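# Secondary and tertiary structure notes
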Amino acid sequence: MRDLIEEIFNGLAAPFYFGQILVQKGDDAGFVLLHRDDASLDPLQTYQDAEDAVEIAKYDDAGNYRPLKTAPNLRHGWRLELATAEELRRALDYFYPSRLAVFAAWKKGCLKTTALRETLDRQSGMYRVAAKISDPQINDLVADFCRSDSGCLRTILWKRDRNGVIASTKLPKQKFDSGVDQIVVRPESSTPATVPLFCQEPCNLLVAECRKVVKGAGAADL
């Protein structure tokens, strides 16, 4: 997979968007990363190490911990200057873990997806009950939890079940479109290209939410 990532990554030309990040060419053949909302702001707090992305991505603007790194709440006010493509690749993986690898696999046509029901059916222990969630409950939960404006910026590729039922009929069709920027639904043609953040299988946080729905809001053992 490492060679596949490098092959795809080397084909990316800055500037481009990766989630809420704008990647630009630096003055000395390096790269500059910043929040896409901050493109016209100066000065910004400057960092120069790929590992700094770990701390930048940890908290939102209010200082709250971000358990879901693809949530649309990446903090503002920073500028990350990197010298090499390898550092850039590492930094992007810190900001959005595994999303570059998933994009590379999708680009090569070898990305496998897992349906929500399949994910729920293989749960054990305290999460086993999550499999009892009804289809209408899934429809409502996914529409709220995964929505791009306040939930998650990933483009959903997985289905509700093995029959290929859509994850939620209450989400806009753009949420499932690999060619759509989940931040700007109708981007202008002059804007940088967007590398999508793909969701190939339901995350652990969604599984936990399914359990909560089944157990009932406010249940004593949640």
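Just so you know, these numbers come straight off a predicted model, no measurement behind them.

## Let's talk about empty space enclosed by the protein
With the rule as written, the count across this model stands at two cavities of 30 Å³ or more. For the largest cavity, the calculated volume is near 110 Å³. Leu 68, Phe 145, Cys 146, Cys 152, Arg 154, Ile 156, Trp 158, Lys 175, Cys 199, Pro 202, Cys 203 and Leu 206 together form the lining of the largest cavity. Residues of the lining of the largest cavity, tallied by class, amount to ten nonpolar, no polar and two charged.

## Examining the nonpolar core
Counting 28 residues, the largest nonpolar core has Ile 21, Val 23, Leu 33, Trp 78, Leu 80 and Phe 95 as the members making the most contacts within it. Listed by contribution, the elements that provide at least two residues to this core are strand S1 (16-18), strand S2 (21-25), strand S3 (31-35), helix H2 (52-56), strand S5 (78-82), helix H3 (85-95) and helix H4 (99-107). Broken down by element, this core gets its largest block of residues, four residues, from H3. When sequence neighbours within four positions are dropped, the list of residues in contact with Trp 78 reads Ile 21, Leu 33, Leu 34, His 35, Asp 38, Leu 44, Gln 45, Tyr 47, Ile 56 and Phe 95. By size, the runner-up hydrophobic cluster in this structure holds 18 residues, among which are Leu 120, Ile 133, Cys 146 and Ile 156.

## Observations concerning unusual backbone geometry
Here the amide bond leading from Asp 42 into Pro 43 is cis, since omega sits at 5°, within 30 degrees of zero. Counting through the fold element by element, Pro 43 comes out in the loop between S3 and strand S4 (45-47). Even without a glycine there, the phi angle at Ser 98 is positive, about 70°. Here Ser 98 lies in the loop between H3 and H4.

Definitions and limits used
Chains are numbered independently. Their residues run from 1 in the order of the written sequence. Local features are withheld for residues below a pLDDT of 70 in this predicted model, meaning they are given only at 70 or higher, and side-chain atom pairs are given and counted only at 80 or more; totals for whole chains, interfaces and linings count all residues. With hydrogens and water stripped out, all remaining heavy atoms of the structure feed into the side-chain values. We place a 1 Å grid over just the protein atoms. Points where a 1.4 Å probe fits but has no way out form a cavity, open points with protein on both sides within 12 Å along at least 5 of 7 lines form a pocket, and any residue with an atom within 4 Å of a point lines it. Grid points are joined across faces, edges and corners, and a volume is the space filled by probe spheres set on the points. Three classes are used: nonpolar for Ala, Val, Leu, Ile, Met, Phe, Trp, Tyr, Cys and Pro, charged for Asp, Glu, Lys and Arg, and polar for all others, with Gly counted as polar. Working definition of a nonpolar core: buried Ala, Val, Leu, Ile, Met, Phe, Trp, Tyr and Cys residues. They are joined through side-chain atoms within 4.5 Å. Throughout, exposure labels follow a simple rule: accessible area from a 1.4 Å probe, protein chains only, divided by the maximum for the residue type, with under 20% read as buried, over 50% as exposed, and the rest as partly exposed. Think of it this way: any DSSP run of H or I at least four residues long counts as a helix, any run of E at least two long counts as a strand, and we number them from the N terminus. Whether two residues are in contact is decided by their heavy atoms: any pair within 4.5 Å suffices.

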